[in-house]
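Residue-level structural notes
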Amino acid sequence: MKLKEMETHKQLTIGLFGFGVVGEGLYKVLQQTPSLKAGIKKICIKHPGKKRNAPESLFTTDKNELLGDPEINVIVEVIDDSEAAFEIVSTALQNNKDVVSASKKMIAEHLPELLGLQQSTGHSLLYEAAACASIPVIRNLEEYYDNDLLHSIKAIVNGSTNFILSKIFDEQLEFKQALLLAQQLGFAESDPKLDVEGYDAVNKWTFLLTHAYGITEEPGNILFTGIQNIQLEDAEVAKEKNYEIKLVAEAKKLKNGKVTAFVLPQFVKKDDHLAFVKNEYNGVVIESGFADKQFFYGKGAGSFPTASAVLSDIAALRYQYKYEYKKLYHHPPHKLSNDVFLRVYVSFDDWDNIPRERFEWIEEWHAQEERKYLIGVIAFNELKNNTWWKENNTSLILTPEPIIEDIEIRKLKKKSLELAGII
Ligand SMILES: NC(=O)c1ccc[n+]([C@@H]2O[C@H](COP(=O)([O-])OP(=O)(O)OC[C@H]3O[C@@H](n4cnc5c(N)ncnc54)[C@H](OP(=O)(O)O)[C@@H]3O)[C@@H](O)[C@H]2O)c1
């Protein structure tokens, strides 16, 4: 029986694209797991002159040596160029190969085409490493939460911004020093703007929303920003209120059955699971029907943690594992809704840059200090359709439990504040 089972395992011959932080990590990890019986036949890189810690005969700059080789049945794509990555991944699927990728930008930007290619070719495209690196979040959303009971998912999905925030707030490093350190340690994207301004986090959120709720949305259609505007004064307010500041990706099922989703800086209470997530670690809190809260925690970046997720995907290919996209194809997919309100903290230099009249109500304002701030409630669409809240040195941070969906309570509160002459 055992022998028969083993015979059904697919023999894996790998063509690897990329030999950077993740690619080299995978090469080393595979050498330490001979039991997997997966061997790298060829590695395609971009710059042939670089010194590599692997035999020279393995390397090529000709992608067709891998994509056109019928013996190679698995392409692992870990390069840092999303357009070239899409070309490689789509050709590989069309050429009868299964694919493992870590390129979140490529996956987020090309998800509809990639869904189509998986269906038309019948081949697997696995990308566990692309979100939260070492945490098996995608496979859990696909397999374990294969039901309609997922109430919310809240996560820290970007290791380098979390690393930078930890270094600034816990070790009082300057922003630039913290970013440099993240880059030196291999946590940051080659282009730091991708991390710092929230692009990387929203890219990951795009396809995590597909696995969690069957939502297929372009990253540009999701409300997001990064940590670029967070000021030292914000950290002081956070400390006063006993909060931490985190870049949080959140999605919540509303009473109307739709889902609201965003990636924004957020104050988190000290006893929130996400407050525990420091440095390059990632964390995911899932709230579901009967299980209540579950917390996943692990390294969200770095050579070996990311390679470990790639390795796990490669291992899954031995059993012809595929994502079924159950929430998309087997359940009625959820729709995104912007019809909610958010409770926000906004700090700024000049009142003139803040359209106060567009807030539903303002609960606190501190106008005396050099750096002013308010806490108030504002329509989601006001943020979605305008950019004043991230311009002119304005910093917006969500308060804990920021989503307000009950219209009646909202109206009543506004009315009472109006009557009191406050707004
Ligand atoms: N680093 C992490 O912690 C992490 C975590 C999760 C996901 N990822 C994702 O994994 C991917 C790789 O990241 P990384 O940090 O390993 O990047 P990296 O260290 O910058 O390495 C990139 C590699 O890609 C190669 N390359 C670039 N364009 C190519 C092309 N057209 N054809 C063949 N090779 C090409 C480069 O070749 P040369 O060596 O010749 O320059 C290099 O080996 C990215 O999509 C990233 O978003 C990274």
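Residues numbered from 1 in each chain as written. Predicted model: local features only at pLDDT ≥ 70, side-chain atom pairs only at ≥ 80, totals over all residues. Heavy atoms only, no water.

1. As for the overall build of the protein
Just so we agree on the cut-off: Every helix listed is a DSSP run of H or I at least four residues long, and every strand listed is a run of E at least two residues long, numbered separately from the N terminus. Both definitions apply: the radius of gyration is a C-alpha atom measure, and the globule rule equals 2.2 Å times residues to the power 0.38. Working definition: with a 1.4 Å probe on protein chains only, accessible area under 20% of the residue-type maximum means buried, over 50% means exposed, and in between means partly exposed. A contact between two residues is defined here by any heavy atoms of the two lying within 4.5 Å. The Shrake-Rupley method, run with a 1.4 Å probe sphere, supplies the accessible areas, and residue values consider only the shown protein chains as cover. When charges are tallied, Lys and Arg are placed among the positive residues and Asp and Glu among the negative ones, while His and the ends of the chain are skipped. One atom stands in for each charge, and that atom is NZ of Lys, CZ of Arg, CG of Asp or CD of Glu.
A count of helices and strands for the protein gives 16 helices and 16 strands. Relative to the globule expectation of 22 Å for 423 residues, the C-alpha radius of gyration of the protein, 23 Å, shows essentially globular dimensions. Taken over the C-alpha atoms alone, the protein extends approximately 75 × 45 × 35 Å along its principal axes. In the protein, which comprises 423 residues, the proportion classed as buried is 55%. Within the protein, contacts between residues separated by at least 24 positions form 72% of all contacts whose residues are at least 6 apart in sequence. For the protein, the exposed area adds up to about 19100 Å²; of that, 50% sits on carbon and sulfur atoms. Of the side-chain charges in the protein, 50 are positive and 61 negative, and the distance between the mean point of each set is 3 Å.

2. Side note on the layout of surface pockets
Operational definition: In the cavity and pocket records, a cavity denotes points on a 1 Å grid over the protein atoms alone where a 1.4 Å probe fits but cannot get out, a pocket denotes an open set with protein on both sides within 12 Å along at least 5 of 7 lines, and lining residues are residues with an atom within 4 Å of a point. Grid points are joined across faces, edges and corners, and a volume is the space filled by probe spheres set on the points. Under the scheme applied here, ten amino acids are nonpolar (Ala, Val, Leu, Ile, Met, Phe, Trp, Tyr, Cys and Pro), four are charged (Asp, Glu, Lys and Arg), and all others, including Gly, are polar.
Its boundaries defined by the atoms lining it, the largest pocket holds a volume of some 1200 Å³. What lines the largest pocket is a set of 47 residues, and nearest its centre among them are Val78, Ile79, Asp80, Asp81 and Ser190. Contributing elements (two or more residues each) for the lining of the largest pocket: helix H2 (21-31), helix H4 (82-94), helix H5 (104-109), helix H8 (159-171), helix H10 (192-196) and helix H11 (199-213). Across the lining of the largest pocket, the residue classes tally to 18 nonpolar, 15 polar and 14 charged. Together, 18 residues line the second largest pocket, and Lys154, Asp272, Glu287, Lys293 and Glu401 are the ones closest to its centre. Broken down by secondary-structure element, the contributors of at least two residues to the lining of the second largest pocket are strand E7 (150-156), strand E9 (243-253), strand E10 (259-269), strand E11 (281-288) and strand E16 (395-404). Residue classes in the lining of the second largest pocket are distributed as six nonpolar, three polar and nine charged.

3. Regarding the environment of glutamate 217
Mapped onto the elements of the fold, glutamate 217 is located in the loop between H11 and strand E8 (223-224). When the C-alpha positions of glutamate 217 and phenylalanine 17 are compared, they lie 28 Å apart, and in sequence the two are 200 residues distant. The residues touching glutamate 217, leaving out its near neighbours within four places in the chain, are Thr206, Ile222 and Leu336.

4. Section: unusual backbone geometry
Despite not being glycine, lysine 37 shows a phi value in the positive range, around 55°. Within the element layout of this structure, lysine 37 appears in the loop between H2 and strand E2 (38-44). A positive phi angle, close to 65°, is found at asparagine 393, a residue other than glycine. Its location among the elements puts asparagine 393 in the loop between helix H15 (380-385) and E16.

5. Section: the packing of aromatic side chains
Keep this limit in mind: Stacked, edge-to-face and tilted labels apply to pairs of Phe, Tyr and Trp rings (six-membered ring for Trp) whose centres lie within 6.5 Å, assigned for plane angles under 30 degrees, over 60, and everything in between, in that order. Only lysine NZ and arginine CZ atoms are considered, and such an atom sits over a ring when it is within 6 Å of the ring centre and within 35 degrees of the ring normal.
Scanning the model with the defined rule gives 19 aromatic pairs in all. The ring of tyrosine 321 carries the charged tip of arginine 139 above its face, separated from the ring centre by 5.4 Å. The ring of phenylalanine 224 carries the charged tip of lysine 390 above its face, separated from the ring centre by 5.8 Å.

6. Points about the sheet that holds strand E5 (residues 98-101)
Inclusion rule: The rule for pairing is simple: two strands pair if DSSP sees at least two bridges between them. Axes, fitted as lines to C-alpha atoms, cover a helix only where it is in contact. Angles between the N-to-C directions of the axes lie from 0 to 180 degrees.
One open sheet accounts for six strands, arranged E3-E2-E1-E4-E5-E6; its pairing is parallel. This sheet does not close on itself; its edge strands, each paired only once, are strand E3 (59-60) and strand E6 (125-126). Together, strand E1 (12-17), E2, strand E4 (74-77), E5 and E6 form the strand contacts of helix H13 (residues 303-317), whose direction differs from that of E5 by roughly 165°.

7. Details of the site of the ligand
We count it as follows: Proximity criterion: a residue is near a molecule or strand once any of its heavy atoms comes within 4 Å of it. Under the rule applied, a polar contact is a pair of N or O atoms within 3.5 Å (in protein, one hydrogen donor and one hydrogen acceptor; residues adjacent in sequence only if both atoms are side-chain atoms).
Contacts to the ligand come from 25 residues, most closely from Val22, His47, Lys50, Arg52 and Gly302. In the environment of the ligand, an oxygen atom lies 3.0 Å from a nitrogen or oxygen atom belonging to the backbone of isoleucine 79. Separating an oxygen atom of the ligand from a side-chain N or O atom of serine 103 is a distance of 3.1 Å. Relative to its unbound accessible surface of 910 Å², the ligand loses 88% to contact with the protein.

8. Overview of the environment of asparagine 95
Looking at the secondary structure, you find asparagine 95 in the loop between H4 and E5. Accessibility expressed as a relative area gives 34% for asparagine 95, which makes it partly exposed. Each C-alpha atom, one on asparagine 95 and one on valine 248, is 39 Å from the other, the two residues being 153 residues apart in sequence.

9. Some remarks on the pairing of E9
Here E9 lies mainly inside the structure; ten of its eleven residues are buried. Across four bridges, the pairing between E7 and E9 is antiparallel. Looking at the pairing, alanine 155 lines up with alanine 249 of E9. A loop of five residues connects E9 with E10, the two strands running antiparallel in sequence, and glycine 257 in this loop sits at a positive phi of about 90°.

10. Section: the packing of H4 against helix H6 (residues 111-121)
Test applied: Note on terminology: angles under 35 degrees are roughly parallel, angles over 145 are roughly antiparallel, angles of 65 to 115 are roughly perpendicular, and the others are oblique. Handedness of a helix crossing follows the sense of rotation of the near helix relative to the far helix, less than a right angle counterclockwise being left-handed and clockwise being right-handed.
With their axes 9 Å apart at the nearest point, H4 and H6 run at an angle of 15° to one another. It follows from the interaxial angle that H4 and H6 lie roughly parallel. Here H4 and H6 pass one another in a crossing that is left-handed. Contact residues: H4 offers Phe86, Val89, Ser90, Leu93 and Gln94, while H6 offers Glu113, Leu114, Leu117 and Thr121. Its residues assigned to classes, the contact of H4 with H6 shows five nonpolar, three polar and one charged.

11. So, empty space enclosed by the protein
Applying the stated criterion to the full structure yields two cavities of 30 Å³ or more. Thr225, Gly226, Ile227, Asn229, Ile230, Pro265, Trp389, Lys390, Thr394, Ser395 and Leu396 are the residues that line the largest cavity. Partitioning the lining of the largest cavity into residue classes produces five nonpolar, five polar and one charged. When its volume is computed, the second largest cavity comes out at roughly 50 Å³. Surrounding the second largest cavity, Asn147, Asp148, Leu149, Leu150, Ala212, Tyr213, Lys253, Lys327, His331, Pro332 and His334 form its lining. For the lining of the second largest cavity, the residue count by class is five nonpolar, three polar and three charged.

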